[in-house]
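# Structural description and commentary
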Amino acid sequence: MGLTKSEIFADEHNKLASSFKVLGHPARIAILQYIIDKKACICNDLVDELGLAQATISQHLKELKNIGVIQGTIEGKSVCYCIDEKVWNELQNGFNTFFNQEVKVSSCCS
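Residues numbered from 1 in each chain as written. Predicted model: local features only at pLDDT ≥ 70, side-chain atom pairs only at ≥ 80, totals over all residues. Heavy atoms only, no water.

### Focus on the layout of surface pockets
Taken as a whole, the largest pocket holds about 250 Å³ of empty space. Around the largest pocket sit Glu12, His13, Lys15, Leu16, Ser19, Glu90, Leu91, Gly94, Thr97, Phe98 and Gln101, which together line it. If you add up the space inside the second largest pocket, you get close to 170 Å³. Looking at the second largest pocket, the residues that line it are Leu23, Ile29, Leu32, Gln33, Ile36, Trp88, Leu91, Gln92 and Phe95. Elements represented by at least two residues in the lining of the second largest pocket include exactly helix H2 (26–38) and helix H5 (85–99). Of the residues that constitute the lining of the second largest pocket, the class distribution is 7 nonpolar, 2 polar and no charged. (1 Å grid on protein atoms, 1.4 Å probe; cavity = no way out; pocket = protein on both sides within 12 Å on 5 of 7 lines; lining within 4 Å. Points joined across faces, edges and corners; volume = space filled by probe spheres on them. Helix = DSSP H or I, 4+ residues; strand = E, 2+ residues; numbered from the N terminus. Nonpolar A, V, L, I, M, F, W, Y, C, P; charged D, E, K, R; others polar.)

If you want it as structure tokens, here you go:
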């Protein structure tokens, strides 16, 4: 499969696509939901809650950190993760702008 020519697309399209890709895994959605519900968490909390290996949880957390939707602060030997509210709102606005577009189905698709 060829490489995506991301440079030919608008920055907003690339950012939205990257966000969709990262959020396209059910474990990452579950992680975000857990963090939202608990306000913050450490990796071991997620291991206990989701039943995934610590290394797997860490990889998912890394992907979520890469798009900036979560941030972590070191507390002793643990990292406490929380939602980055500014990035969360930016993602929400981007998704809403995309999905709130009026769509009119062409007669060729009926």
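Picking up after the structure, the text goes on.
### Concerning the sheet that holds strand E3 (residues 78–83)
Pairing in this open sheet of 3 strands is antiparallel, and the strands run E1-E3-E2 from one edge to the other. Whereas interior strands pair on both sides, the edge strands pair on one side only; in this sheet they are strand E1 (41–42) and strand E2 (70–75). The pairing of E2 with E3 spans 6 bridges and is classified as antiparallel. Bridge assignment links Gly72 to a residue of E3, and that residue is Tyr81. (Pairing = 2+ DSSP bridges.)

### Regarding the UniProt feature "domain: HTH arsR-type" (unreviewed entry) in the protein
Mapped onto this structure's residue numbering, the UniProt feature "domain: HTH arsR-type" (unreviewed entry) falls at residues 8–102. Across residues 8–102, helical content stands at 65% and strand content at 15%; the span's end C-alpha atoms are separated by 25 Å. (UniProt positions renumbered as here; feature names shortened; annotations may be inferred.)

### A look at the pattern of salt bridges
Throughout the structure, instances matching the rule amount to 3 salt bridges. Measuring nitrogen to oxygen at the nearest pair gives 3.6 Å for the salt bridge that ties Glu90 to Lys15. With Glu90 in helix H5 and Lys15 in helix H1 (residues 11–23), this pair connects stretches of sequence that are 75 residues apart. For Lys15, a relative accessible area of 49% corresponds to the partly exposed category. A salt bridge links Glu90 to Lys86; the shortest N-O distance between them is 3.5 Å. (Salt bridge = Lys/Arg side-chain N within 4 Å of Asp/Glu carboxyl O. Buried < 20%, exposed > 50% of the residue type's maximum accessible area, 1.4 Å probe, protein only.)

### What about the confidence of the model for the protein?
Any residue range with low pLDDT should be treated as having predicted coordinates unsuitable for detailed reading. On average, residues of the protein score 90 in pLDDT, and 95% of them are at 70 or above. Per-residue pLDDT, averaged within each element of the protein, yields its smallest value for E2 (87) and its largest for H2 (96). (pLDDT = per-residue confidence, 0-100.)

### What about helix H4 (residues 54–66)?
The periodicity of an α-helix, 3.6 residues per turn, causes residues three or four positions apart to be oriented the same way. For H4, spanning 13 residues, the distance from its first C-alpha to its last is 18 Å, which sits close to the expected 18 Å at 1.5 Å a residue. Within H4, burial applies to Ile57, His60, Leu61 and Leu64. One face of H4 carries all of its buried residues, which in axial projection span an arc of 100°. Turned more than 90 degrees away from the buried face of H4 sit Ala55 and Asn66, all of them exposed. Following H4 by one or two positions, Gly68 adopts a phi angle in the positive range, close to 85°. (Expected span 1.5 Å × (residues − 1). Arc of directions from axis to C-beta.)

### A closer look at the pairing of E3
Where E1 and E3 come together, 2 bridges link them in antiparallel fashion. Within E3, the residue paired with Ile42 across the bridge is Cys80.

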